[in-house]
Amino acid sequence: MPGFSQATELSAWKELQEHHNSVGRNIVLKEAFEKDPERFQKFSRTFANTVDNSDILFDFSKNFLTEETLSLLVKLAKEANVEQLRDAMFQGEPINFTENRAVYHVALRNVSNQPMQVDGKSVVEDVNSVLEHMKEFSEQVRSGEWKGYTGKKINTIINIGIGGSDL
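The present account deals with the structure reproduced in this document. For clarity, every value in this text was computed on a predicted model and none was experimentally measured. (Residues numbered from 1 in each chain as written. Predicted model: local features only at pLDDT ≥ 70, side-chain atom pairs only at ≥ 80, totals over all residues. Heavy atoms only, no water.)

Overview of the overall build of the protein
Here is step 1 of the chain: In terms of regular secondary structure, the protein is built from six helices and four strands.
Here is step 2 of the chain: Radius of gyration (C-alpha) of the protein: 22 Å, far over the 15 Å computed for a compact globule of 167 residues.
Here is step 3 of the chain: Principal-axis analysis of the C-alpha atoms places the extent of the protein at approximately 60 × 40 × 35 Å.
Here is step 4 of the chain: The long-range share in the protein, meaning contacts at least 24 apart out of those at least 6 apart in sequence, stands at 39%.
Here is step 5 of the chain: Only carbon and sulfur atoms are counted for the fraction: they give 54% of the accessible area of the protein, which is about 12,700 Å².
Here is step 6 of the chain: When the 19 basic and 25 acidic side-chain charges of the protein are each reduced to a single mean position, those positions are 7 Å apart. (Helix = DSSP H or I, 4+ residues; strand = E, 2+ residues; numbered from the N terminus. Rg over C-alpha atoms; globule rule 2.2 N^0.38 Å. Contact = heavy atoms within 4.5 Å. Areas by Shrake-Rupley, 256 points an atom, 1.4 Å probe, with all protein chains shown as cover. Lys, Arg positive; Asp, Glu negative; His and termini not counted. Charge placed at Lys NZ, Arg CZ, Asp CG, Glu CD.)

Laid out in structure tokens, this is it:
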């Protein structure tokens, strides 16, 4: 598994900070668009989603960045091993170092039911089972079939999350 460092410990982070202090703080978006009519084209990327054949647009043009900023961000991602960590995540490797387990968030979005394993065991069936149970429960709450402790229909839901997931 690739190593994991705090971003603030990396030299690329320090370069990015210096860049922000000298350039980033002074960017005025209205002026940036006036100076460069191609800004949207320069700082937008479209990715093809092969699962549902849709396109996903990422528009960075309205952020306080320059071409140098983008280059420094890519440098930081490389120094932080983001690509290797991404690949390890998709392979079900235990990249959650505090709990020594996989962070298989992508299994929740596996609508095409591609094979996915953790420790040699398929997780697709368990994930689909939990998602189905969540769907049934939410439908019961919405319809009023599931009642609160007072016996009345639930009309307010508060979800407090602290991170992590257990399937």
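From this point, things continue past the structure.
Overview of the packing of helix α1 (residues 11–22) against helix α4 (residues 67–79)
Here is step 1 of the chain: The contact between α1 and α4 brings their axes to 8 Å, and the two run at 160 degrees. On the basis of the axis angle, α1 is roughly antiparallel to α4. You can see that α1 and α4 cross each other, and the crossing is left-handed. Mapping the contact onto sequence places Ser11, Ala12, Trp13, Glu15, Leu16 and His19 in α1 and Glu68, Thr69, Leu72, Leu73, Lys75, Leu76 and Glu79 in α4.
Here is step 2 of the chain: Here the contact of α1 with α4 is built from residues that sort into six nonpolar, three polar and four charged. (Axes fitted to C-alpha atoms, helices over the stretch in contact; angles between N-to-C directions. Parallel < 35°, antiparallel > 145°, perpendicular 65-115°, else oblique. Left-handed = near helix turned anticlockwise from the far one by under 90°. Nonpolar A, V, L, I, M, F, W, Y, C, P; charged D, E, K, R; others polar.)

Overview of the layout of surface pockets
Here is step 1 of the chain: Size it by volume and the second largest pocket reaches roughly 260 Å³.
Here is step 2 of the chain: Lining the second largest pocket, in full, are Val51, Phe90, Val106, Arg109, Asn110, Val111, Ser112 and Met116.
Here is step 3 of the chain: Residues that form the lining of the second largest pocket fall into these classes: five nonpolar, two polar and one charged. (1 Å grid on protein atoms, 1.4 Å probe; cavity = no way out; pocket = protein on both sides within 12 Å on 5 of 7 lines; lining within 4 Å. Points joined across faces, edges and corners; volume = space filled by probe spheres on them.)

What about a nonpolar patch on the surface?
Here is step 1 of the chain: A surface patch of nonpolar side chains, about 340 Å² in accessible area, is lined by Phe47, Ile56, Phe58 and Phe60.
Here is step 2 of the chain: With respect to the helices, strands and loops of the structure, Phe58 is situated in strand β2 (residues 54–59).
Here is step 3 of the chain: Take Phe58: its relative accessible area is 36%, and that puts it in the partly exposed class. (Patch = residues over 30% accessible without salt bridge, like charges linked within 9 Å, V, L, I, M, F, W, Y side chains within 5 Å. Salt bridge = Lys/Arg side-chain N within 4 Å of Asp/Glu carboxyl O. Buried < 20%, exposed > 50% of the residue type's maximum accessible area, 1.4 Å probe, protein only.)

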